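What follows is each chain in one-letter form.
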Amino acid sequence: MPTRKKPSAANPLWGARFAAAPDAVMARINASIEVDRRMALEDIAGSRAHCTMLMRRRIVSRADGRRILAGLDRIERELRAGRFCFSAALEDIHMNVEARLAALIGKPAGRLHTARSRNDQVATDFKLWVRGALDRLMADLAALARALLDQAGRHAATVMPGFTHLQLAQPVTFGHHLLAYVEMLLRDLDRARAARARSDESPLGAGALAGTSFPIDRRATARALGFARPAANSLDAVSDRDFALDYLATAAIVMVHLSRLAEELVLWVTPQFGLVRLSDAYTTGSSMMPQKRNPDAAELVRGKAGRVFGGLLGLLTVLKGLPLTYSKDMQEDKPPVFDAADTLDLALAAMTGMVRDLKADARRMRAAAGQGFATATDLADWAVQALNIPFREAHHIAGRAVAAAERKGVDLAQLSLAELRAIDRRIDARVFARLTVERAVASRDSEGGTAPVRVRTAVREARRRLKALAS
């Protein structure tokens, strides 16, 4: 049985309450610096705002406050230059910064933690970090939406097959298809904006859980950090992680949309579909089969969605049984958010690159759109409009026409007028104007429809909405 290492000194963070140091395993499970070091700049920002407020409220002298601020500035330069030395022995980013500050300026560093706790400090740092991640997410979503809109504008009249159940249904345009993903991204942008708005309350000043007896100015620190207001309840302020859940929920829905588009790209680039071609920059070859061009970037976007979904479920599980206020379980809030943010940044960058570079094979799309009797609904619609008959009767006529074309091995437009009149004597030559895929697509000019004129209008309108959401 392995022996346990017994540290020789009590943890200096806990003062005189403990005479003995924690077990080595306890030190390892308790430390979070390898995770929360990513919030170092946010920790500096929070400490700078807190110190400035303490000076103005005369809780800390101006002389000590100026030394603290100068020390924080130096630490920030070290962090940005990659020269800051992180120590696992100091447990978390807050104590790493405080210890370095003490090494730089001495005793005044100990005054920085007046009127705050690591509970409100970490909540503030984490919320600042998540707000930055939401800002990046919104910028990345807008970039992908613009790439899709550029392609949609170029292909407003490019006919392609539309599917339900992955079976050929009706012809649509490639531009119209891409605009569907733009709509998803616009909703994602709206969700991200709403999540950021809900995170506009500062936890700083809530203390460990009950506030503080010092005459602090929480509104001043909130303004300094870019928050609209301080959180209204100190208990909620230190225990709230809704902002992290909001980010993960938004990220999960974004990944659903990216994964659906990735799946379509994977299908479309196969020889069996052959509708688009991805560039060399986003495909790979095979170590054995020289003819292969694998859509690995799309497949990885599709696969990485599960990591983000898992992060959301993981944090929900951590939080669902916790009493107020802070529990150490909440140290597990950051890994899923950080991992989701990294995954999302990469997936959005890859998808934007693929969309910008992809080339549509308009000829192959047109040929595929004409297969499978895709204009059968148009025959039924024509019969309703031209013959003034109920749609169900027209549907039956179109179904018989499809069966006749299938027996003959031709498309609907290749049936003769005589053959169509044998199905229903009321059919006349006007029907042929509706049986080509181009005419079928052009006829679907209802609002939100696939007619090229509608697609071009939709592209313009989507650009306007995107500009409003991304501003």
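Residues numbered from 1 in each chain as written. Predicted model: local features only at pLDDT ≥ 70, side-chain atom pairs only at ≥ 80, totals over all residues. Heavy atoms only, no water.

*Asks:* For the packing of helix H10 (residues 242-268) against helix H12 (residues 334-357), give the residues involved together with the corresponding values.
*Replies:* As a packed pair, H10 and H12 sit with axes 10 Å apart at the nearest point and diverge in direction by 30°. The angle between H10 and H12 falls in the class roughly parallel. Between H10 and H12 lies a crossing whose hand is left-handed. Note on element contacts: H12 touches H10 through Pro-336, Val-337, Ala-340, Ala-341, Leu-344, Ala-347, Leu-348, Met-351, Met-354 and Val-355, opposite Ala-244, Tyr-247, Leu-248, Ala-251, Val-254, Met-255, Leu-258, Leu-261, Ala-262 and Leu-265. A breakdown of the residues in the contact of H10 with H12 according to their chemical character gives 20 nonpolar, no polar and no charged. (Axes fitted to C-alpha atoms, helices over the stretch in contact; angles between N-to-C directions. Helix = DSSP H or I, 4+ residues; strand = E, 2+ residues; numbered from the N terminus. Parallel < 35°, antiparallel > 145°, perpendicular 65-115°, else oblique. Left-handed = near helix turned anticlockwise from the far one by under 90°. Contact = heavy atoms within 4.5 Å. Nonpolar A, V, L, I, M, F, W, Y, C, P; charged D, E, K, R; others polar.)

*Asks:* Let's hear about the pattern of salt bridges: which residues, and what values?
*Replies:* Oppositely charged side chains can form a pair if their charged atoms are brought close together. Taken as a whole and assessed by the stated rule, the structure comprises 32 salt bridges. Across the pair Glu-461 and Arg-464 runs a salt bridge whose closest N-O atoms are separated by 2.5 Å. Taken together, the residues Glu-461 and Arg-464, both in helix H18 (residues 452-470) and three residues apart, mark about one turn of the helix. Several salt bridges share partner residues, and in doing so they unite Arg-48, Asp-73, Glu-76 and Arg-80 into one network. (Salt bridge = Lys/Arg side-chain N within 4 Å of Asp/Glu carboxyl O.)

*Asks:* Before we move on, can you summarise the pairing of strand E1 (residues 159-164) with the specific residues and values?
*Replies:* Where E1 meets strand E2 (residues 167-173), six bridges bridge the pair, whose relative direction is antiparallel. By the bridge assignment for E2, Met-160 is matched with Val-172. Between the antiparallel neighbours E1 and E2 lie two residues, among them His-165 with a positive phi of about 60°. (Pairing = 2+ DSSP bridges.)

*Asks:* Residue-level account of the nonpolar core, with values.
*Replies:* Counting 77 residues, the largest nonpolar core has Leu-148, Tyr-247, Leu-258, Val-337, Leu-344 and Met-351 as its most contacted members. Among the secondary structure elements, those contributing two or more residues to this core are helix H6 (118-154), helix H7 (174-198), H10, helix H11 (296-319), H12, helix H13 (362-369) and H18. The greatest single-element share of this core, amounting to 16 residues, is contributed by H6. In this structure Leu-344 touches Leu-137, Tyr-247, Ala-251, Val-254, Met-255 and Leu-258, once residues within four positions along its chain are discounted. (Core = buried A, V, L, I, M, F, W, Y, C linked by side-chain atoms within 4.5 Å. Buried < 20%, exposed > 50% of the residue type's maximum accessible area, 1.4 Å probe, protein only.)

Purely geometric stuff here, so don't read any function into it on its own.
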